[in-house]
Structures are given as structure tokens and as C-alpha cells.
Amino acid sequence: MLEINNLHVKLEAEDKPILKGLSLTVGAGSVHAIMGPNGSGKSTLSYVLAGRDGYAVTDGSAMLDGADLLEMEPEDRASAGLFLAFQYPVEIPGVGNMTFLRTAVNAQRKARGQDEMSAGEFLKVVREKARALKIDAEMLKRPVNVGFSGGEKKRNEILQMAMLEPKMCILDETDSGLDVDAMKLVSDGVNALRDAGRAFLVITHYQRLLDHIRPDVVHIMADGRIVKTGGPDLALEVERNGYADILAEAV
Amino acid sequence: MTALETELRADVRDGVDRETIDTVQAMSGSYKHGWETEIEMDYAPKGLSEDIVRLISGKNNEPEWLLDWRLAAYRRWLKMTEPRWAMVHYPDIDYQDQYYYAKPRSMAVKPKSLDEVDPKLLATYEKLGIPLKEQMLLAGVEGAAEPRKVAVDAVFDSVSLGTTFKAELAKAGVIFCSISEAVREHPDLVQKYLGSVVPPTDNFFATLNSAVFSDGSFVYIPPGVRCPMELSTYFRINAENTGQFERTLIVADRASYVSYLEGCTAPKRDTHQLHAAVVEIVILDDAEVKYSTVQNWYPGDEEGRGGIYNFVTKRADCRGDRAKVMWTQVETGSAITWKYPSCILRGDDSQGEFYSIAIANNAQQADTGTKMVHLGKRTKSRIVSKGISAGRAQNTYRGLVSMHPKATDSRNYTQCDSLLIGDRCGAHTVPYIEVRNASSRVEHEATTSKVDDDQLFYCRSRGMDEEAAVALVVNGFVKDVLQTLPMEFAMEAQSLVAISLEGSVG
Ligand SMILES: Nc1ncnc2c1ncn2[C@@H]1O[C@H](COP(=O)(O)OP(=O)(O)OP(=O)(O)O)[C@@H](O)[C@H]1O
Ligand SMILES: [Mg+2]
């Protein structure tokens with residue numbers, strides 16, 4: 001599904017390399033986790049895949065089901081099925097959460113040549129999915145992420161994901177800031193979406209999330225590269241011993 | 001007067017993507033009402049003179065007093081100079097090089113009813129989405145439980161074509177007709193109130209209007225009556241090289257209520273056209289008037305060719321105790337906007353509100369705001385202004401809040417927010433505040449910000465294209481003001497915000 005090959009990325013403004021030859025393949029139906037020290041480039045990777053400005057790709061490629069992601073506008077990547085749950089969700093004052101969701105859903109449907117969802121149908125679906133995430137009606141009416149607590153923002157990202165039904169879901173530290181119960185809600189939300197046609201790339205610092213969302217593959221990222229790949233046990237090893245041994249081994 | 005002048009210019013962050021600015025810029029020019037109605041017109045001779053003033057007065061069969069009133073204004077106007085204090089720049093206007101009166105030939109004999117009006121003219125309004133048949137309602141009200149009736153006065157160049165729902169309104173005692181008709185049918189009311197809020201000597205453009213106004217709307221709501229439907233006037237400029245000078249007079253008698261809407265559009269032309277209107281509102285004890293405008297005159301092209309010069313004087317006089325007025329304006333059109341809908345809070349406990357969205361894109365220039373003149377005790381006013389600048393546009397909020405010595409225990413709250421799109425436009429805030437008694441309070445808040453790249457990226461990462469993302473973010477910015485509009489207008493305004501910003505930036 002997602003195929004990243006020898007990706008080199010630098011910050012446009014500072015001419016500073018961040019990703020230094022990153023390769024990663026995520027197959028349909030699988031869940032991959034990425035762990036790695038602060039500043040290793042995990043969020044940068046997710047932004048570059050989603051198409052944020054400010055990065056220059058100097059080498060390598062990133063394909064989504066054979067389509068060249070790096071050539072596409074951010075909105076086209078979204079309509080092609082890519083979704084990023086932001087590490088820091090953005091506030092949009094004055095724009096109701098529901099309006100935002102509906103605009104997004106219909107924009108993607110339009111891009112795919114589908115009819116817009118009717119107001120009634122949309123409302124029904126959104127209520128149902130919000131209920132599962134314990135997002136109340138009041139929060140749906142409030143402006144996007146404005147005044148939301150850290151955990152509410154993260155749950156709101158998962159609601160967007162559930163509504164948009166992307167095929168490639170990238171979750172950037174969705175677990176940070178979640179209390180134990182919210183972690184369970186979010187994980188259940190993600191697990192409910194798991195199916196053969198969909199893949200997940202879960203960026204996290206903690207094993208806790210991976211207890212709920214069992215990954216098939218775990219990658220360790222350091223200094224802009226994947227330095228080790230293994231099974232779920234790799235996450236446990238990081239949890240116990242930190243990164244020192246793995247990094248030493250990689251050099 | 002203490003003129004407290006602040007000028008806010010936001011720093012533009014480096015992150016703005018040049019390329020997106022240019023791409024979006026290239027998509028500009030989607031003014032939806034720029035077409036023209038091909039129709040035979042009768043013009044008064046070009047230029048301005050006493051003869052032209054007499055001719056206009058004669059066309060409307062006016063009484064002697066009104067002709068004298070016009071002539072006095074004209075003579076005074078000759079001695080006045082055009083105000084140039086606003087932050088707008090334009091070449092001198094040649095007042096002799098335009099027409100002051102243009103009327104469709106088919107209107108030479110005034111049709112008895114709208115049914116008899118030239119089908120071409122009726123088709124014009126149909127194309128604009130303005131219902132001139134009483135069974136038709138304003139289109140596009142999604143989710144409205146029951147569509148509401150809106151009475152329309154349709155003004156085409158210099159004349160009113162007719163007014164809908166007159167009979168139904170008359171049953172409630174409401175008078176709604178063109179001002180030329182009111183002069184003939186209700187001379188006492190007109191003579192009593194005309195010029196009582198905006199005197200013919202008020203300012204250069206108002207004085208010009210007093211001399212040459214050709215038509216406009218008249219509203220009278222009798223004591224205790226809540227107007228049974230919304231009233232509206234739709235102004236269409238069609239004729240080339242012709243100024244439109246309309247005059248609107250609204251009188252809300254004791255404890256009455258009316259909501260009035262005003263819309264306007266004009267064809268795309270590469271020459272400028274002058275529009276100098278006057279709106280006067282008189283509000284007596286316990287009465288309330290809501291006046292909403294969606295101003296969508298042709299704004300000119302990206303280079304600043306063409307577009308309407310909109311020099312307008314609007315004022316409401318809360319003459320009675322507990323009188324209330326609310327101005328809401330959505331200013332998206334015009335090459336130049338010079339407009340300060342004002343409230344004279346004369347009655348004790350009277351209230352004035354001003355809500356404004358002013359969008360200036362490309363080469364547009366807007367200098368707009370309000371005056372809140374507190375004269376009565378315990379008077380209250382509220383100003384919420386949202387200015388949006390894009391392209392090379394300049395957008396100025398200019399507002400006066402004045403508390404008279406007798407206006408004790410009065411309050412004003414002003415909130416003035418500017419949003420910049422791109423790095424070549426400007427936003428300016430010029431508040432004048434004078435407080436001449438110790439018990440009154442004035443609060444002023446101002447912010448200037450830029451459309452945030454992170455917000456746009458967030459929207460785009462969810463599948464919205466750049467224009468949709470800008471429109472969504474901007475609609476969020478203006479939400480407080482949109483909410484004050486009647487529903488039909490709010491939706492029109494919302495889509496207009498998006499259209500006006502086509503060709504702006506990310
Ligand atoms: N706009 C920027 N300006 C300067 N430096 C940046 C910018 N964006 C990223 N960086 C740097 O790039 C490196 C990678 O950052 P990134 O956010 O991708 O790390 P991360 O792996 O997500 O870290 P964390 O685990 O703390 O979230 C860091 O050293 C960061 O300081
Ligand atoms: Mg990160």
C-alpha cells in the first residue's frame with residue numbers, strides 16, 4: 001500500500017537534512033508502528049507524506065498504491081486515501097466541527113466523483129461515530145479544536161478518520177495526552193477500522209498503545225532513518241531498555 | 001476631538017507560499033453578476049447643471065418644495081470640495097462626464113403593476129435570483145421550516161420598476177413604495193422626514209445625492225406594527241457611464257419593528273461608475289429597525305480597471321427613547337467603498353449596533369466603519385468589524401465613538417479584527433474616541449492576523465482544495481457577523497465571501 005524508498009528530505013528554510021534515506025513498506029491490512037527518540041524525524045515523515053509545505057525532497061520516492069504521493073497536492077493525497085492524525089491538531093476559530101467534517105467528507109467524495117452525502121445521512125453517521133468515541137453533541141458544534149483539551153483533540157482526529165474512511169492511516173502520537181479510558185476508546189476506534197484493505201502507520205513513544213493496537217511490525221527510527229525493524233517484541237525491548245543498545249548496534 | 005490613530009500592519013510570515021498566491025490569483029475574476037441587459041434607454045443629457053436637476057424633478061412630477069430643496073442642495077454642492085481624508089486613492093472624478101438619469105424606454109409610461117413591466121427587465125431580476133412575483137420566494141433556503149416572504153422594490157438604474165406585496169403590506173398599515181411614488185402619495189410624511197437625518201448640507205456626496213437622486217425606497221411602519229414580512233430593495237446599475245443616486249427613507253413609528261435588506265450588483269465594465277446613495281432611518285420610541293446590506297457592486301478587475309465608486313451616506317436617528325437600530329453590512333464589491341453607516345443615539349436608553357464584514361481583494365479599496373454618537377442617557381452601542389484584505393487591496397476600518405456630556409452612563413464596545421491574505425495587502429484601523437462625561441465607558445479591542453498556513457494545511461489534508469480551505473477559514477473569521485444577518489442573506493453572504501476571495505491566497 002505505502003512504499004517509501006530511500007527518502008531524503010531537508011527543511012527548505014534552513015537547508016537542514018532531516019530524513020536521510022528512509023525506506024519503509026506497509027502492506028494492505030497491516031499495522032506498523034514507528035518508535036524513535038525525540039527529534040528523529042517521525043513527524044517530519046508524516047508531514048512530508050501528507051504534503052505540508054516547507055520541506056524539500058532531495059532524493060527517493062513515496063508511493064501510495066502505485067501513485068506518486070510526492071507529486072500530489074495535499075487534498076489529492078487525502079482523496080486518494082491518505083490520512084494523518086496530527087500530533088498537534090490545529091484550531092480553526094469560528095468553524096463548527098460538524099461543518100468542517102461535512103466539508104471534508106463532501107470534498108473527498110466530489111474528488112472521487114461520488115455524490116455529496118445528504119445532510120440527514122451525514123448527521124446520522126457522524127452521531128453514531130461520535131458516540132463510539134464519547135464525543136458529545138456539544139463538541140460537534142464547537143469550533144474545530146478550539147478550547148478542546150489535549151485528549152479531546154486526539155479523539156477528534158480519530159473521529160475525522162472514522163468519517164473519512166481512509167485506506168492509509170498515519171497516527172502521529174495519537175496516544176500522547178490521552179487518559180487510560182480515552183486510550184481504550186481511541187484504540188477501539190482504530191481496531192474497528194482495521195480490515196484487509198486498510199493499513200496503519202502508528203507513531204508512538206509507548207508500549208501502552210501497542211497493547212491495545214497490536215502491531216504486525218515495529219520500526220525504530222533514529223536520525224532520519226529506520227535503524228531496526230522487528231515484531232511486536234521490539235517495542236517491549238524499547239520499553240524495558242530504552243534506545244541506547246539499539247542505536248549502538250545500528251551504528 | 002481626540003483622534004486616536006493606530007495603524008496596524010501585520011508582519012507576514014515567511015511561510016506563505018508564493019506559488020499558491022500566484023495560482024490562486026490567476027483564477028480571479030469570477031464576479032457572477034457582470035452581465036448586461038440589452039435594452040433601450042432614455043438618458044438625460046450628459047453632465048450636471050440646474051437644468052438636469054429640474055429635469056429629474058420634472059420626470060418624477062415633484063412638487064415645488066422638493067425642486068427648491070434639490071436646487072438649494074445643488075447650489076451648495078457647487079461650493080463644496082470632494083473629501084479626500086479617506087485611505088482610498090483614485091483619479092479625479094469628472095462630474096460633467098457622466099449621465100445622471102437613465103431610464104428604460106419601456107418605463108416611459110409607468111406600468112400599473114409589475115406584471116406589465118418589460119419582460120426583459122423582469123428577466124434581469126429573475127437571473128439575479130430576485131423574486132418579483134409574489135408567489136416566488138428567495139431561492140436557496142436550505143432547511144428553512146417555512147420559506148419567508150420578502151417584499152422587493154426593484155430599482156433599475158434611475159427608476160423603480162415596482163414593489164411587491166404592496167397590498168398585503170398596506171393591510172398592516174405599512175407603506176412600502178418607491179420614494180418617487182411616496183413624494184406623490186405621501187407628501188406629508190416625506191416632507192416631514194426627508195433630510196431630517198442626513199441634511200442636504202451633510203457632506204459632498206450626500207449633497208450631490210440631494211440634488212440629483214432619482215429614485216429609491218420609502219418605508220413607513222405605523223405605531224405598534226411589526227412589519228409582517230422582510231422588506232428589501234435591490235439596486236441594479238445597468239446603463240454605461242451613468243451614476244446611480246438613490247435615496248432611501250425609513251420611518252419606524254413608536255413601538256414598531258422592521259427588518260430591511262438591501263442588495264446591489266452591476267455589469268462588468270472597464271470604466272468606473274459612481275454610486276452615491278443616501279439612506280435615512282428615523283426610529284421613534286421603542287421601535288426597532290434592522291438594516292442589512294449585501295453590497296456586491298462590480299469590484300473591478302485584478303488590475304483595478306473598472307468597478308463602482310461607492311460613496312454612500314447611511315445614518316439612523318434613534319429619535320425616541322429605547323429606540324434600537326442594527327446595521328449589518330457585508331461589503332464585498334466596489335472598486336472603492338466609502339461608507340460609514342451611523343447611529344445617532346438621541347433617545348434615552350436607545351441602542352445602536354454595527355456589524356460589518358468588509359472584503360477587499362485585488363485592487364479594491366475599502367474605507368468603512370461607523371459612527372456611534374451617544375446623546376441620550378444610558379445609551380448603548382456595539383461595533384463588530386471584520387476586515388479581510390487580499391491581493392493588493394487596502395482595507396481601513398474608520399470609526400467614531402462619541403459620548404456627549406449628557407449621555408451619562410452610556411457604553412460602547414468595539415471589536416475590530418483584520419485578516420490579511422498574502423503579503424501585498426494592507427489593513428488599517430482608525431478609531432476616533434471622544435468621551436465627554438465621567439460615567440460612560442468605551443472599550444476597544446483590535447486584532448490583526450494572517451490566514452494561517454497550518455490551518456490551511458489542516459483543511460487540505462482533509463481533502464479540501466485551497467480555495468475551499470481559505471473560504472472555510474475566512475467564514476470562521478466572520479461568523480459572528482454572519483450570524484446577525486437574516487437567514488436568506490447569511491447564506492448568500494457566505495457564498496459571496498468565498499467568491500470574493502477567489503483569486504486571493506493560501
Ligand atoms: N520547521 C522546523 N524548523 C527547524 N527545525 C525543525 C523544523 N521542523 C522539524 N525540525 C527539526 O527536525 C527534527 C525532526 O523533528 P520531528 O518533529 O520530525 O521529530 P519527531 O521524531 O517527530 O520528534 P518527537 O518524538 O519529539 O515528536 C528535529 O530536530 C526538529 O527540531
Ligand atoms: Mg513528532
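What counts as what
- Residues numbered from 1 in each chain as written.
- Chains lettered and ligands numbered in written order.
- Predicted model: local features only at pLDDT ≥ 70, side-chain atom pairs only at ≥ 80, totals over all residues.
- Heavy atoms only, no water.
- Salt bridge = Lys/Arg side-chain N within 4 Å of Asp/Glu carboxyl O.
- Buried < 20%, exposed > 50% of the residue type's maximum accessible area, 1.4 Å probe, protein only.
- Helix = DSSP H or I, 4+ residues; strand = E, 2+ residues; numbered from the N terminus.
- Phe/Tyr/Trp six-rings, centres within 6.5 Å; stacked < 30°, edge-to-face > 60°.
- Axes fitted to C-alpha atoms, helices over the stretch in contact; angles between N-to-C directions.
- Parallel < 35°, antiparallel > 145°, perpendicular 65-115°, else oblique.
- Left-handed = near helix turned anticlockwise from the far one by under 90°.
- Contact = heavy atoms within 4.5 Å.
- Buried area = accessible area lost by both parts, 1.4 Å probe.
- Polar contact = N/O pair within 3.5 Å; in protein donor to acceptor, adjacent residues only side chain to side chain.
- Nonpolar A, V, L, I, M, F, W, Y, C, P; charged D, E, K, R; others polar.
- Pairing = 2+ DSSP bridges.
- Near = heavy atom within 4 Å.
- Areas by Shrake-Rupley, 256 points an atom, 1.4 Å probe, with all protein chains shown as cover.
- Donors = N, O, S within 2.8 Å, 3.2 Å for Na, K, Ca; no water.
- 1 Å grid on protein atoms, 1.4 Å probe; cavity = no way out; pocket = protein on both sides within 12 Å on 5 of 7 lines; lining within 4 Å.
- Points joined across faces, edges and corners; volume = space filled by probe spheres on them.

A. Spatial organisation of the pattern of salt bridges. For the coordinates displayed, the defined rule picks out 36 salt bridges over all chains. Residue Asp15 of chain A pairs with Lys10 of chain A through a salt bridge whose shortest N-O separation is 2.6 Å. The class of Asp15 of chain A is exposed, set by a relative accessible area of 52%. Taking the shortest distance from any N to any O, the salt bridge between Asp202 of chain B and Arg315 of chain B comes out at 2.8 Å. Remark: Arg315 of chain B occurs in strand E13 (residues 307–318) and Asp202 of chain B occurs in the loop between helix H7 (187–193) and helix H8 (204–212); sequence separation between them is 113 residues.

B. The environment of Ser57 of chain B, seen in detail. All names here are of chain B. By the element assignment, Ser57 lies in helix H2 (residues 50–59). Taking relative accessible area as the criterion, Ser57 reaches 3% and is therefore assigned buried. Taking the C-alpha atoms as reference, Ser57 lies 34 Å from Ala323; in sequence the two are 266 residues apart.

C. Representation of the packing of aromatic side chains. All names here are of chain B. With the rule as written, the count across this model stands at 25 aromatic pairs over all chains. Measuring from ring centre to ring centre gives 5.3 Å for Trp77 and Tyr95, while their planes differ by 75 degrees; the resulting arrangement is edge-to-face. Of this pair, Trp77 sits in helix H3 (residues 64–78) while Tyr95 is found in the loop between H3 and strand E2 (102–104), placing the two residues 18 residues apart along the sequence. Tyr95 sits in the buried class, given a relative accessible area of 9%. Note on Trp338 and Tyr340: the rings are 5.5 Å apart at their centroids and 80 degrees apart in plane angle, and the pair reads as edge-to-face. Each member of the pair, Trp338 together with Tyr340, is buried.

D. Summary view of the packing of helix H9 (residues 453–460) of chain B against helix H10 (residues 466–477) of chain B. Residues and elements named next belong to chain B. Closest axis-to-axis distance for the H9/H10 pair is 9 Å, and the angle between their directions is 120 degrees. Of the possible angle classes, the one that applies to H9 and H10 is oblique. Between H9 and H10 lies a crossing whose hand is right-handed. Two secondary-structure elements touch here, H9 through Gln455, Leu456, Cys459 and Arg460 and H10 through Glu466, Ala469, Val470, Leu472 and Val473.

E. Focus on the interface of chain B and chain A. Every contact between the two is made by 19 residues of chain B and, on the other side, 32 residues of chain A. A per-residue breakdown of the area chain B buries against chain A is headed by Phe457, Tyr458 and Arg462 of chain B, which together make up 39% of the total. Counting the contacts that link chain B with chain A gives four salt bridges. Close ionic contact of Glu157 of chain A with Arg462 of chain B constitutes a salt bridge, the shortest N to O distance being 2.7 Å. Put simply, chain B and chain A have twelve residue pairs in polar contact (both at pLDDT 80 or more) between them.

F. Layout of the packing of helix H4 (residues 119–132) of chain A against helix H6 (residues 150–164) of chain A. All names here are of chain A. Their axes nearest at 10 Å, the elements H4 and H6 cross at an angle of 135 degrees. With respect to each other, H4 and H6 are oriented oblique. Crossing of H4 over H6 shows right-handed handedness. Taken together, the residues of H6 that come into contact with H4 (itself represented by Phe122, Val125, Val126, Lys129 and Ala130) are Leu159, Ala162 and Met163. The residue makeup of the contact of H4 with H6, split by class, is seven nonpolar, no polar and one charged.

G. View of the sheet that holds strand E2 (residues 16–26) of chain A. All names here are of chain A. Strands sit in the order E2-E1-E4-E5 across an open sheet of four strands; the sheet is antiparallel. The outermost strands of the open sheet, each flanked by one partner alone, are E2 and strand E5 (67–68). Pairing between strand E1 (residues 2–11) and strand E4 (residues 55–64): eight bridges, direction antiparallel. Residue pairing for E4: Lys10 is matched across the bridge by Ala56. Here helix H1 (residues 42–50) sits on the sheet in contact with E1, E2 and E4, set at roughly 105 degrees to E1.

H. Layout of the site of ligand 1. All names here are of chain A. Near ligand 1 you find 14 residues, and of these Gly39, Lys42, Ser43, Thr44 and His205 are the closest. Interatomic distance of 3.2 Å between a backbone N/O atom of Ser40 and an oxygen atom of ligand 1. Between ligand 1 and the protein, one listed contact pairs an oxygen atom with a side-chain N or O atom of Thr44 at 2.5 Å. Bound to the protein, ligand 1 loses 64% of the 630 Å² it would expose on its own. Listing elements by their share of the shell around ligand 1, those giving two or more residues are E2 and H1. For the shell around ligand 1, the element with the most residues is H1, which contributes three residues. The class makeup of the residues in the shell around ligand 1 is two nonpolar, eight polar and four charged.

I. Quick peek at the coordination of the magnesium ion (ligand 2). Residue and element names in this part refer to chain A. Here the magnesium ion (ligand 2) is held by the protein donor atoms Ser43 (OG) and Gln87 (OE1), which lie 2.0 to 2.2 Å from it. Pair noted here: Ser43 is in helix H1 and Gln87 is in the loop between strand E6 (82–85) and strand E7 (92–96), with a separation of 44 residues, a long-range link. Side by side, Ser43 and Gln87 carry an identical accessibility label, which is buried.

J. Geometry of the layout of surface pockets. In this structure, the largest pocket encloses a volume near 1,800 Å³. Taken together, 49 residues line the largest pocket, and the ones lying closest to its centre are Thr99, Arg102 and Thr103 of chain A together with Leu472 and Gln494 of chain B. When residues of the lining of the largest pocket are traced back to their parent elements, those giving at least two are helix H2 (74–79), E7, helix H3 (97–111), H4 and helix H5 (137–141) of chain A together with H10, helix H11 (479–482) and helix H12 (487–501) of chain B. A per-element tally of the lining of the largest pocket places H3 of chain A first, with nine residues. Grouping the amino acids of the lining of the largest pocket by side-chain chemistry returns 22 nonpolar, 14 polar and 13 charged.

By themselves, these figures tell us nothing about what the structure is for.
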